[in-house]
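# Observations on chain architecture
Chain by chain, the residues run as shown.
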Amino acid sequence: MAELALQPLVMEGAGWADYGLIDSGHGRKLERYGPYRFIRPEPQAMWSPRLDAWDAHAEFVPGSDEDGGGRWQFLKDVPRDGWPLSWNQAKFTAQCTPFRHLGFFPDMAPVWDWMRAMVAGRDDAQTLNLFGYTGVGSLALSQCGPVTHVDASKKSVAQARANAELSGMADRPIRWLVDDAGKFTAREVRRGKRYDGIILDPPKFGRGPEGEVWRLEDGLPGLIGDCRRLLDADSRFAFLTVYAVRMSSIAIGGLLAEHFADLPGIIEHGELAVREDGREDGSAGRLLPTAIFARWRNA
Ligand SMILES: C[S@@+](CC[C@H](N)C(=O)[O-])C[C@H]1O[C@@H](n2cnc3c(N)ncnc32)[C@H](O)[C@@H]1O
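My aim in this report is to walk through the structure given alongside it, one point at a time. (Residues numbered from 1 in each chain as written. Predicted model: local features only at pLDDT ≥ 70, side-chain atom pairs only at ≥ 80, totals over all residues. Heavy atoms only, no water.)

Our focus in this paragraph is the packing of aromatic side chains. The way to describe two aromatic rings as a pair is by their centre distance and the angle between their planes. A full pass over the atoms with the stated rule returns 18 aromatic pairs. Arranged with centres 6.0 Å apart and planes meeting at 65°, the rings of Tyr33 and Phe38 form a pair that is edge-to-face. (Phe/Tyr/Trp six-rings, centres within 6.5 Å; stacked < 30°, edge-to-face > 60°.)

In the structure shown here, the tally under the stated rule is one cavity of 30 Å³ or more. Approximately 30 Å³ is the volume found for the largest cavity. Taken together, Gly13, Ala14, Gly15, Trp16, Tyr19, Pro106, Asp107, Ala109, Pro110 and Val274 make up the lining of the largest cavity. Split by residue class, the lining of the largest cavity holds seven nonpolar, two polar and one charged. (1 Å grid on protein atoms, 1.4 Å probe; cavity = no way out; pocket = protein on both sides within 12 Å on 5 of 7 lines; lining within 4 Å. Points joined across faces, edges and corners; volume = space filled by probe spheres on them. Nonpolar A, V, L, I, M, F, W, Y, C, P; charged D, E, K, R; others polar.)

Now for the packing of helix H4 (residues 181-190) against helix H5 (residues 216-229). Between H4 and H5, the shortest axis-to-axis distance is 9 Å and the interhelical angle comes to 35°. H5 is crossed by H4, and the crossing has left-handed handedness. Every residue of H5 that contacts H4 at Ala181, Gly182, Thr185, Ala186 and Val189 is listed here: Leu223, Asp226, Cys227 and Arg229. (Axes fitted to C-alpha atoms, helices over the stretch in contact; angles between N-to-C directions. Helix = DSSP H or I, 4+ residues; strand = E, 2+ residues; numbered from the N terminus. Left-handed = near helix turned anticlockwise from the far one by under 90°. Contact = heavy atoms within 4.5 Å.)

Close to the ligand lie 20 residues; Asp151, Asp180, Ala181, Asp201 and Tyr243 are nearest. The contact in question runs from a nitrogen atom of the ligand to an N or O atom on the backbone of Ala152, over 3.1 Å. The side chain of Asp180 places a nitrogen or oxygen atom 2.8 Å from a nitrogen atom of the ligand. Isolated, the ligand exposes 610 Å² of accessible area, and the fraction of that covered by the protein chains is 92%. Of the residues contributing to the shell around the ligand, the split by class is ten nonpolar, five polar and five charged. (Near = heavy atom within 4 Å. Polar contact = N/O pair within 3.5 Å; in protein donor to acceptor, adjacent residues only side chain to side chain. Areas by Shrake-Rupley, 256 points an atom, 1.4 Å probe, with all protein chains shown as cover.)

As a further point, take the sheet that holds strand S3 (residues 19-25). The strand order S3-S4-S5-S6-S7 describes an open sheet built from five strands, whose pairing is mixed. Both edges of this open sheet fall to S3 and strand S7 (70-74), since each of them pairs with a single strand only. Along the sheet, successive strands turn relative to each other by an average axial angle of 20°, direction set aside. In this sheet, strand S6 (residues 58-62) lies alongside strand S5 (residues 36-41) in parallel orientation, the contact comprising two bridges. The partner of Ile39 across the bridge, within S6, is Glu59. (Pairing = 2+ DSSP bridges.)

This part covers the nonpolar core. In this structure, Phe38, Trp83 and Trp112 are the most contacted members of the largest nonpolar core, which totals 50 residues. For this core, the leading source of residues is helix H1 (residues 109-118), giving five residues. Counting 32 residues, the second-largest nonpolar core is a separate cluster that includes Ala238, Val245, Ala257 and Trp296. (Core = buried A, V, L, I, M, F, W, Y, C linked by side-chain atoms within 4.5 Å. Buried < 20%, exposed > 50% of the residue type's maximum accessible area, 1.4 Å probe, protein only.)

Inspection of the secondary structure puts Arg116 in helix H1. Under the relative-accessibility criterion, Arg116 is labelled buried at 14%. Among the polar contacts listed, one links the side chain of Arg116 to the side chain of Gln143, at a separation of 3.0 Å. Those residues within four positions of Arg116 in sequence are excluded, and the remaining contacts are Trp87, Asn88, Gln89, Ala140, Gln143 and Cys144.

If you want it as structure tokens, here you go:
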């Protein structure tokens, strides 16, 4: 029966043609998104930058409130309605959003790879992407079977559909749903549905489409319980990420362990981190942590 592996893991992402972490330090990071470079706050980069000067197209200047606020300061021309990027077969629009993100989360790339490996060789794997945002994870999973993509934001779901179109994947079997993740999952449990895999990437705080309040610490235990009810001994995986919260991966691993104990397989936990682009002298870049995760896999 599934037990928690205590030793934490690091799921390390590296840059690719359209994305890279160029440098970090003094509480900021410099990244490339296609032909454009951006500076964003990064409190965990307490070390010193390795480059003398950062040449960027825009910088996100945070407000005084540590939980949000702030604005983009444009230093050079950047297309305000976005520009196309790719990750493997998926194409999507990157854009400077008011929430300091750029329309997708590059640190999730190793997670998208891992999930696909869990259902590799299948074309009938039923997967659920909760808090699916702009859909890059759903596009990746749709190679292996039907995907149910759920997000509370109409705008994010519209962008996810547009990304599917841009990728030439509009005919993939993806249900794009604007719904509250908790309510939808509870409804699926009542309907007796099952899935082969579930990913959930919840924010610390959010709202459902009817204004339903999502607070991670309050909502997560019930949501994990419902996700477990949608999986069975033939299912392949569950993946949970948590970020911007003072919490250990042992804690979320323990939560999965409580609910998944009666399934076969193993529960693992650890950190997602992005490796800076290599240096000119050939040495490896530093590893910048971005989130904690816990995951269940069926052996
Ligand atoms: C960090 S994003 C997920 C990123 C995504 N997994 C990816 O890698 O591209 C969090 C998402 O949660 C959504 N959200 C917030 N509260 C929600 C709720 N109650 N139900 C469903 N989605 C919610 C937001 O609209 C946002 O798109």
